[in-house]
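Per-entry structural report
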Amino acid sequence: MGIILWHTYYLAMDQLAKHISKVFARGAGKNVILFRHAESLGNYSGTIIGWTDCKLTINGRKQAHSLYPSLRDYIPKFNGIYSSDLIRAFDTANISLGFNHTNEIKHDKRLRELHFGDEEGRHYDSLPETEKEM
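Residues numbered from 1 in each chain as written. Predicted model: local features only at pLDDT ≥ 70, side-chain atom pairs only at ≥ 80, totals over all residues. Heavy atoms only, no water.

A separate point is the layout of surface pockets. By volume, the largest pocket is sized at about 970 Å³. Taken together, 31 residues form the lining of the largest pocket, with Val 32, Ile 33, Leu 34, Gly 80 and Tyr 82 sitting closest to its centre. At the level of elements, strand S2 (31-36), strand S3 (81-83) and helix H5 (87-96) are the ones that each hand at least two residues to the lining of the largest pocket. When residues in the lining of the largest pocket are grouped by element, the largest group, six residues, is from S2. Here the lining of the largest pocket is composed, by residue class, of 15 nonpolar, ten polar and six charged. (1 Å grid on protein atoms, 1.4 Å probe; cavity = no way out; pocket = protein on both sides within 12 Å on 5 of 7 lines; lining within 4 Å. Points joined across faces, edges and corners; volume = space filled by probe spheres on them. Helix = DSSP H or I, 4+ residues; strand = E, 2+ residues; numbered from the N terminus. Nonpolar A, V, L, I, M, F, W, Y, C, P; charged D, E, K, R; others polar.)

Take a look at the structure:
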C-alpha cells in the first residue's frame, strides 16, 4: 500500500508529482492519497475552526488549483474520491480535480477534523499558553 499525505500549505508540486508517480508505478495494491484542505478563512484569521464550516480563501483556492497538474494523469485510476462534508474540504477536492468530478466526490462526516467544543470560534491567541500546547 502506498500512502501519501500532503499538506496543501507547504506545496512543492514537483515533489508531489514524483511521489504520486512512484506510488502508482508500484501497480497492484491499494494506494491512498490524503490532502489536508487548503487555506480557509478560519485558518487565515487564526480562529480555531474544527467542525465549523468555512470557505477557502483566494489563496486556498489557488493552493487547491495548484494540485491539479500533479493529479490530472492519475484521476482516471482513482477508485474513490472522499471528502469530509465541510465546504473547505469539498472545495479543495473539487478544485484540485479540475472541477470535473463533482458528482464523484463522496462526502463523509467521519473525515472531519477534531471538534474543539467550546473553543471553536475562539482566536488562537486568546487561548491560555497551557492550552496552546495541546
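Okay, back to it.
Once that is clear, we can look at the packing of helix H3 (residues 58-65) against H5. Where H3 contacts H5, the two axes come as close as 7 Å, and the packing angle between them is 45°. For the element pair H3 / H5, the angle class is oblique. Both H3 and H5 take part in a crossing whose hand is right-handed. When H3 is examined against H5, the residues Arg 61, Ala 64 and His 65 are found in contact with a partner set consisting of Asp 91, Thr 92, Ile 95 and Ser 96. For the contact of H3 with H5, the class distribution of residues is two nonpolar, three polar and two charged. (Axes fitted to C-alpha atoms, helices over the stretch in contact; angles between N-to-C directions. Parallel < 35°, antiparallel > 145°, perpendicular 65-115°, else oblique. Left-handed = near helix turned anticlockwise from the far one by under 90°. Contact = heavy atoms within 4.5 Å.)

In this section: the side chain of Asp 108. Locating Asp 108 in the fold gives a position in the loop between strand S4 (105-107) and helix H6 (129-132). Accessibility expressed as a relative area gives 17% for Asp 108, which makes it buried. When neighbours within four sequence positions are excluded, Asp 108 is seen to be in contact with Ser 83, Ser 84 and Asp 85. (Buried < 20%, exposed > 50% of the residue type's maximum accessible area, 1.4 Å probe, protein only.)

With 13 residues, the main nonpolar core has Ile 20, Phe 24, Leu 71, Leu 97 and Ile 105 as its most contacted residues. When contributions to this core are tallied by element, the ones reaching two or more residues are helix H1 (13-25) and H5. Phe 24 has contacts with Asn 31, Ile 33, Tyr 74, Lys 77 and Phe 78, leaving out every residue within four places of it along the chain. (Core = buried A, V, L, I, M, F, W, Y, C linked by side-chain atoms within 4.5 Å.)

When the charged atoms of two side chains with opposite charge come close together, those side chains can pair. Within the structure shown, the criterion is met by six salt bridges. A salt bridge links Arg 61 to Asp 91; its shortest N-O distance comes to 3.9 Å. Of this pair, Arg 61 sits in helix H3 while Asp 91 sits in helix H5, and the two are 30 residues apart along the sequence. Note that Asp 108 and Arg 110 form a salt bridge whose closest N and O atoms lie 2.6 Å from each other. (Salt bridge = Lys/Arg side-chain N within 4 Å of Asp/Glu carboxyl O.)

Further remarks concern unusual backbone geometry. With phi around 60°, Phe 99 is a residue other than glycine that occupies positive phi space. The topology assignment puts Phe 99 in the loop between H5 and S4.

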